[in-house]
Amino acid sequence: MALVLNEDQALIKDTAREFCASRAPVSQLRKLRDERDPLGYDPETWKQMAELGWAGIVISEAHGGTAFGWMALGSVLEEQGRQLTASPLFATAVLGGSAIMLAGSEAQQAELLSQIAAGELTLALALEESPLHSPFGSALAAEKQGEEWVLRGSKQFVLDGHSADRLVVVARTSGSAGDREGLSLFLVPGDAKGVTRTRTIMVDSRNAAHVEFDAVTVGADSLLGKVDQGADVLEPLLDRARVCMAAEMLGTMDEAFERTLAYLRERKQFGVVIGSFQALKHRAADMFTEIELARSTVLDALSALDEDREDVPMLAALAKAKVGEALHTVSLEALQMHGGVGMTDEFDIGLFLKRARVQEQAFGGRAFQRERYATLAGF
Amino acid sequence: MKLAFTREEEAFRDEVREFFATALTDELRQAGRLMTSVYSDKDVALAWQKILLEKGWLVPSWPQEHGGTGWSLTQRYIFACERARARPPALSPMGLSMLGPALLGHGTQAQKDHYLPRILSGEDFWCQGYSEPQAGSDLAALQCHAVRDGEYYVLNGTKIWTTHAHYANRMFCLVRTGRFERPQQGVSFLLVNMEDPGVRCEPIRFVSGCATQCTVYFDNVRVPVTEIVGKENEGWTVTKYLLEFERGGGAAAPGLLEAIGNARDLLAALPEADRAAPARRLNDLEVQVHSLELTELRTLAETERTGSPGPASSMLKIQGSELSQAISEVAVELVSLYGMPFQPDAYRLGSNVAPIGPQEAVTAVPFYLNNRAASIYAGSNEIQRNIISKAVLGL
Ligand SMILES: Cc1cc2nc3c(=O)[nH]c(=O)nc-3n(C[C@H](O)[C@H](O)[C@H](O)COP(=O)(O)OP(=O)(O)OC[C@H]3O[C@@H](n4cnc5c(N)ncnc54)[C@H](O)[C@@H]3O)c2cc1C
């Protein structure tokens, strides 16, 4: 159990904090939104992130990464969360990268991981087919025809799917939607024939594409892992996603809280700062407590990934549930304590609320995580 | 609530239900369903207002000689329930529910004669100018000032968060006309012509993407001295009277019950296994809303007797707003990711852009976001709790 950062990790976090605050701050997200940027992120910033080694932070040195580990990646994501930074890091390094690391053949790993680490390849995970997170709910069919696979169906809410170079597609090769068995993973070029991607701009100004697969044909070398055994990859992949999303949410929450504290110290009504009212002070103290509890769960979940511990699934559910709960409260309180200005688009705090609602739902909401935690704990 | 209605009351309910069924045009019905806040757009609100006026049901609580219906408490309650069921667009409350009662209580005969009919007809569309950048919760800190110049007041300063100011041709506002020991003294209640060249109005975009509130700047606006309600420097009395009406005295519960019903419909779309937790949450909320409903009825009865809901209206405001927020939150969870795309074109009235996901999901998130303001406006819920603890409990 490592509940504090070591020196390397602390250094990475400081760098990330400084970088995100100066190169990828909230104002950058606003700009992307207001200019209706077709990509949804700034490619120059992404390039710089890759130069800092972030894209390959959990990739081995043999494959061109830095292998600093999950604690380090979590720290970077936390800082991105703090600035609501839009970047392909999550979809590429956490989702796509994990799929390749967990399931890729030697050849696939050799080809793709170094490209990811270099920031030359972006990925996305095409999983959901309904508005509720459903790990095994895929119905999109992959059928074998000779040496090739033909994919038919559609995916929704594919995080950064409109711009990713390749999609990791969760497809059904046997059984039916909801079955754990019978899932297979495929790597499909984003511009493959038969793929239609519709960009959806979400309420948090981020992207989640709708993707149609109309008889998309891919070669045998596109299969990631074993046929019908995709769930063995998907489960640890989603645990990583939950832990990393929790890390990002921690940053979002910290920042929303800090901005609220600053406002409590600055805004005056009745001749005094509003932070002097006990009604608000006690709620701030409660938020502080909840944030600290949430932080502990995130740090332990990240270290469990680094140590490859058996309790990763449970901690992933715990962290996402706990941070989800805390962020929910903090984001609403932040708005309330800002009064009227909190409701305006001009003031940033509302952006945190909107981002929080989307983060909360990603890879399973609070109810999903609590349920999963209880099941894993044997209740 | 299942009140035991008399035969006459049942007949009245049928009449009201029939009215809503026939009077609401398809367009108005759609406008009601696509509401993303407690406000409707001006043209929609006025179209509905006109229909209610013709029927004689626009302002049930006003005295009959000014257009009231003379309904019993039960009849008013029945009307509120049927309205909630029918989901018409919202009327703009500033003239009908705020200034109207204030003039009835504190206006001169000339003001009543001039303004009340124009409020009813919609000829005057009012906004409420209380809050200022530095005077929100601490309303008495307001700085907008009016200086007497012969038969006019000359008005300067800034108002903020003024709902519908960009639609309004009139504003009732609070301005400083004198400096006394207590900040509540020296405030006057003025009626301002928004078409005066010294008035400038800037809409404020909200988190939801909607722009319903404005910042309003006054630059040497000349207001005839006859346009004061109540006495000079004693506008606070009028304001307090009006705020109590704004905060409660209405009936929020029927609408809340309707919203719970709509949320229950969303439940049905979920997989069986995911229904239990939100269903339980809705049950809890329904118990609380029903308790509120009975309390609202009790308060209405009290108000009929004493003329004003009094400080207990703070309690209704807290409950009404927080329950509404809780219900809209469950709705957001129920529509899950279908609520998350930003698609204002899909809920714009008359637009034929197909939404991502089902139609019911389209307004859930913008409504939820706008509804966060319910615990901020009309005196934040923190301020309401301060009022209860001080004015009711004497702490
Ligand atoms: C959608 C919307 C519509 C509105 N419409 C109108 C309108 O038509 N006309 C109009 O005049 N105004 C309107 N308002 C303004 C509204 O009345 C003010 O926003 C409200 O009074 C709060 O003031 P503020 O925004 O300055 O917040 P502040 O007063 O700065 O409050 C900030 C925070 O501090 C808390 N706080 C302040 N004082 C205390 C205390 N003593 N104890 C504990 N907590 C405290 C508040 O509760 C809040 O959480 C509207 C506001 C909104 C959001």
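What counts and how
Residues numbered from 1 in each chain as written. Chains lettered and ligands numbered in written order. Predicted model: local features only at pLDDT ≥ 70, side-chain atom pairs only at ≥ 80, totals over all residues. Heavy atoms only, no water. Near = heavy atom within 4 Å. Polar contact = N/O pair within 3.5 Å; in protein donor to acceptor, adjacent residues only side chain to side chain. Areas by Shrake-Rupley, 256 points an atom, 1.4 Å probe, with all protein chains shown as cover. Helix = DSSP H or I, 4+ residues; strand = E, 2+ residues; numbered from the N terminus. Nonpolar A, V, L, I, M, F, W, Y, C, P; charged D, E, K, R; others polar. Contact = heavy atoms within 4.5 Å. Buried area = accessible area lost by both parts, 1.4 Å probe. Salt bridge = Lys/Arg side-chain N within 4 Å of Asp/Glu carboxyl O. Domains from an automatic or database assignment. Expected span 1.5 Å × (residues − 1). Buried < 20%, exposed > 50% of the residue type's maximum accessible area, 1.4 Å probe, protein only. Core = buried A, V, L, I, M, F, W, Y, C linked by side-chain atoms within 4.5 Å.

1. What to know about the site of the ligand
Here comes step 1: The environment of the ligand is formed by 29 residues, the closest being Arg267(A), Gln128(B), Ser137(B), Ser380(B) and Glu382(B).
Here comes step 2: Lying at an intersection of chains, the ligand is approached by residues of chains A and B.
Here comes step 3: One nitrogen or oxygen atom from the main chain of Tyr130(B) is found 2.8 Å from an oxygen atom belonging to the ligand.
Here comes step 4: Within the backbone of Ser131(B), an N or O atom sits 2.8 Å from an oxygen atom of the ligand.
Here comes step 5: Protein burial of the ligand: of its 970 Å² of free accessible surface, 94% is covered by the chains.
Here comes step 6: For the shell around the ligand, the secondary-structure elements that each account for two or more residues are α9 (312-338) of chain A together with β1 (126-129), β3 (152-163) and α13 (381-392) of chain B.
Here comes step 7: With three residues, α13(B) is the single largest residue contributor to the shell around the ligand.
Here comes step 8: Taken together, the residues of the shell around the ligand sort by class into 14 nonpolar, 13 polar and two charged.

2. Structural notes on the interface of chain A and chain B
Here comes step 1: Between chain A and chain B, the residue contacts involve 35 residues of the former and 37 residues of the latter.
Here comes step 2: Between chain A and chain B lies a buried interface of about 3100 Å² when both sides are counted; carbon and sulfur atoms form 63% of it.
Here comes step 3: If you sort the residues of chain A by the area they bury against chain B, Gln336(A), Met343(A) and Gln361(A) come out on top, with a joint share of 21%.
Here comes step 4: Inspection of the chain A/chain B interface yields three salt bridges.
Here comes step 5: A salt bridge links Asp345(A) to Arg205(B); its shortest N-O distance comes to 3.6 Å.
Here comes step 6: Taken together, the connections running from chain A to chain B amount to 22 residue pairs in polar contact (both at pLDDT 80 or more).
Here comes step 7: Among the residues making up the side of chain A that touches chain B, the classes are represented as 14 nonpolar, twelve polar and nine charged.

3. Here's the deal with the side chain of Thr177(B)
Residue and element names in this part refer to chain B.
Here comes step 1: Relative to the helices and strands, Thr177 resides in the loop between β4 (170-176) and β5 (187-193).
Here comes step 2: A polar contact is formed between the side chain of Thr177 and the side chain of Ser188, at a distance of 2.6 Å.
Here comes step 3: Here the side chain of Thr177 touches Asn233 through a polar contact of 2.6 Å, side chain to side chain.
Here comes step 4: Those residues within four positions of Thr177 in sequence are excluded, and the remaining contacts are Ala146, Tyr153, Gly186, Val187, Ser188, Glu232 and Asn233.

4. Description of the domain arrangement of chain A
Residue and element names in this part refer to chain A.
Here comes step 1: Per the domain assignment, the segments of chain A are domain 1 (7-121), domain 2 (124-229) and domain 3 (232-376).
Here comes step 2: Once you take the C-alpha centre of each, domain 2 and domain 3 turn out to be 30 Å apart.
Here comes step 3: Roughly 1400 Å² is buried in total at the junction of domain 2 and domain 3, and carbon and sulfur atoms are behind 65% of that figure.
Here comes step 4: The interface formed by domain 2 and domain 3 contains three salt bridges.
Here comes step 5: Between Asp204 and Arg355 there is a salt bridge, and its shortest N-O distance comes to 2.6 Å.
Here comes step 6: Linking domain 2 with domain 3 are five residue pairs in polar contact (both at pLDDT 80 or more).

5. Examining helix α9 (residues 276-306) of chain B
Here comes step 1: Between the first and last C-alpha of α9(B) there are 45 Å, a value that for 31 residues agrees with the 45 Å anticipated at 1.5 Å per step.
Here comes step 2: Within two residues after α9(B), Gly307(B) carries a phi angle of roughly 95°, on the positive side.

6. Examining α9(A)
Residue and element names in this part refer to chain A.
Here comes step 1: If you check α9, its first and last C-alpha atoms are 38 Å apart, about what 27 residues at 1.5 Å a residue would give, namely 39 Å.
Here comes step 2: Within α9, 21 of the 27 residues are buried, which leaves it mostly tucked inside the rest of the structure.
Here comes step 3: Once α9 ends, the next one or two residues include Gly339, with phi positive near 60°.

7. Considering the nonpolar core
Here comes step 1: Membership of the largest hydrophobic core comes to 139 residues, with the highest contact counts inside it found for Trp54(A), Leu73(A) and Met253(A).
Here comes step 2: At 18 residues, the largest contribution of residues to this core is made by helix α7 (residues 231-266) of chain A.
Here comes step 3: Those residues in contact with Met253(A) that sit more than four places away from it in its chain are Ile291(A), Ala294(A), Val323(A), Ala326(A), Leu327(A) and Val330(A).
Here comes step 4: Counting 45 residues, the second-largest nonpolar core is a separate cluster that includes Trp71(B), Met98(B), Ala102(B) and Leu120(B).

8. Details of the domain arrangement of chain B
Residues and elements named next belong to chain B.
Here comes step 1: Partitioning chain B into domains gives domain 1 (7-91), domain 2 (125-234) and domain 3 (248-391).
Here comes step 2: Distance between the C-alpha centres of domain 2 and domain 3: 30 Å.
Here comes step 3: When domain 2 packs against domain 3, the two sides together hide about 450 Å² of surface, and 66% of this comes from carbon and sulfur.
Here comes step 4: The interface formed by domain 2 and domain 3 holds zero salt bridges in total.
Here comes step 5: Put simply, domain 2 and domain 3 have one residue pair in polar contact (both at pLDDT 80 or more) between them.
Here comes step 6: Class assignment for the residues of the side of domain 2 that touches domain 3 results in three nonpolar, two polar and no charged.

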